[in-house]
Each structure stands twice: as C-alpha cells, then as structure tokens.
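In case you want the letters, here they are:
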Amino acid sequence: MGESIPAASRDEVHTGDAELLCTLDDEGVKSYHCTITKVTTQSSQDTKSFVIKIDDEELLSKTGGIVQGMSGSPILQDGKLVGAVTHVLIDHADRGYGILAQNMLDQAAQAQNT
C-alpha cells in the first residue's frame, strides 16, 4: 500500500496462499485472502496463467467473489507481485484467472523494443 513490491518470476509462483488487493469502498485499497489453485508456467503471453479461489469471508460477503472492475487487481504471494486478475469463471464467481507478472513484464519489454 504505497510501497514498492518486487515482481515474482514465473518459477516463484506456486499453489497456496495469496492475497488480492482491491478497492471496494471509500476505505481505499484492502488486502483479501485468496488461494492460487493452479499454475501454468508456460512462457507464452497467456492471460490465464493461474487460477485463484477467493476465500476471504469479507470479500465474499461484499461481492460474492470476483466482480466487474476487479480485472487488473494485483495478486501477491510471499511478498511479491505474482500477477493480476484477468477473468472470472461465470458459473463460479469465487474463482478466476490471473496473468503472471512475468508475462506482463515480457509484454512491456516487447512493446518497448518495437
């Protein structure tokens, strides 16, 4: 919250505890617990690099899961930025996809070089 966070490399992202940062009200950015349930560590620019499950009771009670406007919300694990929310699973709003931070950095570097 206002401080620099290192980005995780592809091989540092793993299943397990994580946190999602988002703003739901006038209180500003808050951290909510989630779990990374699957990681695809391919080197492609896939926007569905890993699956998260929202299991934070406060977030679930306020939104029911991932809602419109949460795309791009940062996901942290082990003190590093592992990626951002990209998609929600329509039939399971408590689950969604994220893009790896490494993929975002790779895309930014490619764009800068073109």
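Residues numbered from 1 in each chain as written. Predicted model: local features only at pLDDT ≥ 70, side-chain atom pairs only at ≥ 80, totals over all residues. Heavy atoms only, no water.

Our next topic: the pattern of salt bridges. What the rule picks out here adds up to six salt bridges. Across the pair aspartate 94 and lysine 53 runs a salt bridge whose closest N-O atoms are separated by 3.1 Å. Highlighted residues: aspartate 94 in strand β6 (residues 92–100) and lysine 53 in strand β3 (residues 50–54), separated in sequence by 41 residues. Its relative accessible area of 18% is what places aspartate 94 among the buried residues. Lysine 53 gets classed as partly exposed once you look at its relative accessible area, which sits at 27%. A salt bridge links lysine 62 to glutamate 58; its shortest N-O distance comes to 3.2 Å. With lysine 62 and glutamate 58 both in helix α1 (residues 57–63) and four residues apart, the pair spans about one turn of that helix. Accessibility expressed as a relative area gives 32% for glutamate 58, which makes it partly exposed. (Salt bridge = Lys/Arg side-chain N within 4 Å of Asp/Glu carboxyl O. Helix = DSSP H or I, 4+ residues; strand = E, 2+ residues; numbered from the N terminus. Buried < 20%, exposed > 50% of the residue type's maximum accessible area, 1.4 Å probe, protein only.)

With that settled, the discussion passes to the nonpolar core. By size, the foremost hydrophobic cluster in this structure holds 18 residues, and its most contacted members are Leu20, Ile52 and Ile75. At the level of secondary structure, the elements contributing two or more residues to this core comprise β1 (16–23), β2 (29–39), β3 and β5 (80–89). Setting aside its immediate chain neighbours within four residues, leucine 20 contacts Lys30, Ser31, Tyr32, Cys34, Ile52, Ile54, Leu59, Ser73, Pro74, Ile75 and Val85. (Core = buried A, V, L, I, M, F, W, Y, C linked by side-chain atoms within 4.5 Å. Contact = heavy atoms within 4.5 Å.)

Our next topic: the state of the cysteines. Under the definition given, this model contains zero disulfides. Just so you know, cysteine 22 is unpaired, no disulfide at all, and the nearest cysteine sulfur is the one on cysteine 34, 9.9 Å from it. Looking at cysteine 34, the relative accessible area reads 0%, which means it is buried. (Disulfide = S-S within 2.5 Å.)

Moving on, we get to helix α2 (residues 101–113). For an α-helix the count is 3.6 residues per turn, leaving residues at separations of three or four pointing the same way. Taking 1.5 Å of rise per residue, 13 residues should cover 18 Å, and α2 covers 19 Å from first to last C-alpha, within 8% of that figure. Every buried residue of α2 is listed here: Ala101, Gln102 and Asn103. Next to the buried residues of α2 lie β5 and β6. (Expected span 1.5 Å × (residues − 1).)

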